[in-house]
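Structural features, examined
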Amino acid sequence: MHIKFDETAIDPALPGILLLSHGNLAIGLMDTVQAVIGTTSNIAAFTLAHEDNPLTYQEAFLRAANSFPEGTIILLDVFGGTPSTRLLLSSREIHVPFCAFAGMNLPLASEAVSY
């Protein structure tokens, strides 16, 4: 599991963006968005490798989701995969309203960061 999340840089005035994926997609997408748009706060990426414990992965992204203000956007690589099922199983443990979308891509992530 790889994580890119700076809890000390959270801006309470901005909703968070959480990227969840298999492999390195989430971190690669976060790096690409920040290369194109610039460094931004309130974004975090969590990748899941085959050998990772899904519960540990879930606990890690839940900490980030609960650190962000209301209105967090969660982008998933694919619906039905482990990141999305872990999110669905833990959705009641996220204490702020959020919106989740499957099929993360550069245009979608860029638009989320821009808003």
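Refer to the preceding data block for the structure.
Note that the coordinates shown come from a computational prediction; the quantities given were computed from them, not determined experimentally. (Residues numbered from 1 in each chain as written. Predicted model: local features only at pLDDT ≥ 70, side-chain atom pairs only at ≥ 80, totals over all residues. Heavy atoms only, no water.)

**Some points on helix α3 (residues 82-90)**
Those residues of α3 lying buried are Pro83, Ser84, Leu87 and Ser90. With its buried residues spanning 140 degrees around the axis, α3 presents them on a single face. α3 presents Leu88 and Leu89 as exposed residues on the side facing more than 90 degrees away from its buried surface. Residues of α3 that are buried sit in contact with β2 (17-22), β3 (43-48), α2 (54-67), β4 (72-76) and β5 (98-102). (Buried < 20%, exposed > 50% of the residue type's maximum accessible area, 1.4 Å probe, protein only. Helix = DSSP H or I, 4+ residues; strand = E, 2+ residues; numbered from the N terminus. Arc of directions from axis to C-beta. Contact = heavy atoms within 4.5 Å.)

**A short note on the side chain of Thr47**
With respect to the helices, strands and loops of the structure, Thr47 is situated in strand β3. Taking relative accessible area as the criterion, Thr47 reaches 1% and is therefore assigned buried. Setting aside residues no more than four positions away along its own chain, Thr47 makes contact with Met1, His2, Ser21, Gly23, Asn24, Ala26, Ile27, Asp52 and Tyr57.

**Re the pattern of salt bridges**
Here the structure, examined in full by the defined rule, presents one salt bridge. Between Lys4 and Asp31 there is a salt bridge, with its nearest N and O atoms 2.4 Å apart. With Lys4 in strand β1 (residues 2-4) and Asp31 in helix α1 (residues 25-37), the pair connects residues that are 27 residues apart, well separated along the chain. A relative accessible area of 32% means that Lys4 is categorised as partly exposed. By relative accessible area, Asp31 is classed as partly exposed at 33%. (Salt bridge = Lys/Arg side-chain N within 4 Å of Asp/Glu carboxyl O.)

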